[in-house]
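Given next are the chains, with one letter for each unit.
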Amino acid sequence: MVKTASTMLPLGSPAPDFRLINVDSQEVSLADFSGAPGLLVIFMCNHCPFVIHLAPALAEFAQEYQSKGLAIVGINANDVSKHPDDSPEQMVHEVEKRGYTFPYLFDDTQEVAKAYRAACTPDFFLFDKDHKLVYRGQFDSSRPSLDIPVTGSDLRKACDAVLAGEPVPEEQMPGIGCNIKWKAGSEPEYFNPQGVK
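Reading the values: the criteria
- Residues numbered from 1 in each chain as written.
- Predicted model: local features only at pLDDT ≥ 70, side-chain atom pairs only at ≥ 80, totals over all residues.
- Heavy atoms only, no water.
- Phe/Tyr/Trp six-rings, centres within 6.5 Å; stacked < 30°, edge-to-face > 60°.
- Buried < 20%, exposed > 50% of the residue type's maximum accessible area, 1.4 Å probe, protein only.
- Helix = DSSP H or I, 4+ residues; strand = E, 2+ residues; numbered from the N terminus.
- Lys NZ or Arg CZ within 6 Å of the ring centre and 35° of its normal.
- Axes fitted to C-alpha atoms, helices over the stretch in contact; angles between N-to-C directions.
- Parallel < 35°, antiparallel > 145°, perpendicular 65-115°, else oblique.
- Contact = heavy atoms within 4.5 Å.
- Nonpolar A, V, L, I, M, F, W, Y, C, P; charged D, E, K, R; others polar.
- Pairing = 2+ DSSP bridges.
- Lys, Arg positive; Asp, Glu negative; His and termini not counted.
- Salt bridge = Lys/Arg side-chain N within 4 Å of Asp/Glu carboxyl O.
- Polar contact = N/O pair within 3.5 Å; in protein donor to acceptor, adjacent residues only side chain to side chain.
- Core = buried A, V, L, I, M, F, W, Y, C linked by side-chain atoms within 4.5 Å.

The name an unreviewed UniProt entry assigns to the chain is Thiol-disulfide oxidoreductase ResA, from the organism Lignipirellula cremea.

A. Layout of the packing of aromatic side chains. Evaluation of the coordinates by the stated rule reveals 11 aromatic pairs. Seen from their ring centres, Tyr100 and Tyr104 are 6.3 Å apart, and the 85° between their planes marks the pair as edge-to-face. For Tyr100, a relative accessible area of 6% translates into the label buried. Ring centres of Tyr116 and Phe127 lie 6.0 Å apart, and the angle between their planes is 85°; on these two criteria the pair is classed as edge-to-face. Here Tyr116 is found in the loop between helix H3 (111-115) and strand S7 (120-121), whereas its partner Phe127 is found in strand S8 (residues 123-128), with 11 residues between them in sequence. Among the residues examined, Phe127 registers a relative accessible area of 0% and is labelled buried. One aromatic cluster is present, built from ring pairs that chain together Phe43, Tyr116, Phe125 and Phe127. Against the face of Tyr65 rests Lys68, its NZ or CZ located 4.3 Å from the ring centre.

B. The packing of helix H1 (residues 49-67) against helix H4 (residues 153-163), seen in detail. Contact geometry for H1 and H4: axes closest at 12 Å, N-to-C directions at 10°. In this view, H1 runs roughly parallel relative to H4, as classed from their interaxial angle. Here Phe61, Glu64 and Tyr65 of H1 lie close against H4, whose contacting residues are Leu155, Arg156, Cys159, Asp160 and Leu163. Tallied by class, the residues present in the contact of H1 with H4 amount to five nonpolar, no polar and three charged.

C. A look at the sheet that holds strand S10 (residues 176-179). If you walk across this open sheet you meet the three strands as S1-S10-S7, and the pairing is antiparallel. Every other strand in the sheet has two partners, leaving strand S1 (3-5) and S7 as the edge strands with one partner each. For S1 and S10, the ladder comprises three bridges, and the chain directions are antiparallel. Bridging from a neighbouring strand, Lys3 pairs with Cys178 of S10.

D. Just the side chain of Asp86, in detail. Note on placement: Asp86 falls in the loop between strand S5 (71-76) and helix H2 (88-98). Here Asp86 sits buried without a salt bridge, and the closest side chain of opposite charge, Lys181, lies 7.1 Å off (N-O distance). Here the side chain of Asp86 touches Asn46 through a polar contact of 2.9 Å, landing on its backbone nitrogen. In this structure the side chain of Asp86 is engaged in a polar contact, spanning 2.9 Å, whose partner is the side chain of Asn78. Setting aside residues no more than four positions away along its own chain, Asp86 makes contact with Cys45, Asn46, His47, Asn76, Asn78, Val80, Met91 and Phe106.

E. Local environment of the nonpolar core. Among the nonpolar cores identified, the biggest contains 37 residues, and Leu40, Phe61, Tyr100 and Leu126 are the most heavily contacted of them. Elements that contribute at least two residues to this core include exactly strand S4 (38-43), H1, H2, strand S6 (104-106), S8, strand S9 (133-137), H4 and S10. Residue contributions to this core peak at 10 residues, all from H1. Contacts of Phe61, omitting those with residues within four sequence positions, involve Leu40, Ile72, Phe139, Leu155, Arg156 and Cys159. Residues Leu20, Val28, Val73 and Trp182 belong to the second largest nonpolar core, which totals 27 residues.

Given below as structure tokens:
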């Protein structure tokens, strides 16, 4: 595990397009979320301790905010040849186990993760109704190694602002997690193998 920080993609960046397969074998694309007041894209996986730490709260968060109209999608881009726990078959079981109510897509080529400059799991990207980036940061300050309750407070504030049509504060704390497991030789130029301190 390499502890890695979000790349903090510039605010205002348009959401890169994607067309990926969901756990139900159906194709899901960015266009499927047009008309929603906001879109949350989460780069995540099954085995990462940082994701596991948030998983129960993330499932509750998703149900709550989807009921308010927020569109949410999870994307797993890990190299499953080295991490079989993250395979599409295991993603199906993960959705059942966690009770995720959002599409959970598999980015086999890792091109979508690179387009978003995703770096870690979990990595959260919140877009407004025009699919412009307004938040890329942590779920909250909780970590597997810290005795801090998981509340989702940082992401909640950002989502509440988007749903209310209000600006999201630009001061944002980067998310921290395991690095995305890139396929050998295809690591993006922004990948920092040293991780973060």
